Amino acid sequence: PHLLVLHGPNLNLLGTREPKHYGSTTLAEINLALAKRAEAAGVNLESFQSNHEGALIERVHAAGQQGVSYMIVNPAAYTHTSVALRDAIAGTGIPFIEVHLSNVHAREAFRHHSYFSDLAIGVITGLGSEGYLLALEYLLSKVSAE
Ligand code: DQA
């Protein structure tokens, strides 16, 4: 089984970026925690971050080619704007969990709509960096049941 974690724009700044919304954990720390948990379960996991919509789309296409089983996706600002990234994920048919560090529903109205949520297995929003680990826990239970 093969899991891909996809992080959208500005998430490379985690740790220093608006800590009241996003906490103080860095992206490297999140990715390391995910990699360790997956490794302990004997599951291959890769993380990818980009500030470029096209790079994220091409990583999703590659995931389709690679036969990735599940994804954890934080599309960041593209959540609210990107039909193109949505279509890429829909096109591969890879099941995924949508994760947001902040509770997008407690913030500005433009963050309330997601182009991804109706396609997702489920959505975790507002649980900070723990949200990624909870999403992984769920996917590990799916993988081990297969
Ligand atoms: C985010 C929420 C988005 O609205 C925002 O644009 C982000 C991060 C989150 O993880 O809380 O960049 O996806």
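Keep in mind the model is a prediction, meaning the values are calculated, not measured.

## Some thoughts on the overall build of the protein
Next up, step 1: In terms of regular secondary structure, the protein is built from five helices and five strands.
Next up, step 2: Here the C-alpha atoms of the protein give a radius of gyration of 14 Å, agreeing with the 15 Å that 2.2 N^0.38 yields for 146 residues.
Next up, step 3: With 146 residues in all, the protein has 34% of them scored as buried.
Next up, step 4: Intrachain contacts of the protein at a sequence separation of at least 6 include 77% that bridge at least 24 residues.

## Focus on the UniProt feature "active site" (unreviewed entry) in the protein
Next up, step 1: UniProt records the feature "active site" (unreviewed entry) for Tyr22 and His100 in the present numbering. Across 79 residues in sequence, these annotated residues keep their C-alpha atoms within 9.0 Å of one another, forming a single compact spot.
Next up, step 2: By the element assignment, Tyr22 lies in helix H1 (residues 19–22).
Next up, step 3: Leave out the neighbours within four places in its chain, and Tyr22 touches Leu14, Arg17, Leu101 and Ser102.
Next up, step 4: By the secondary structure assignment, His100 is in strand S4 (residues 96–100).
Next up, step 5: Sequence-distant contacts of His100, that is, excluding residues within four places in its chain, are made with Asn74 and Thr125.

Definitions and limits used
Residues numbered from 1 in each chain as written. Predicted model: local features only at pLDDT ≥ 70, side-chain atom pairs only at ≥ 80, totals over all residues. Helix = DSSP H or I, 4+ residues; strand = E, 2+ residues; numbered from the N terminus. Rg over C-alpha atoms; globule rule 2.2 N^0.38 Å. Buried ≥ 20, exposed ≤ 12 C-beta atoms within 10 Å, placed from the backbone. Contact = placed C-beta atoms within 7 Å. UniProt positions renumbered as here; feature names shortened; annotations may be inferred.

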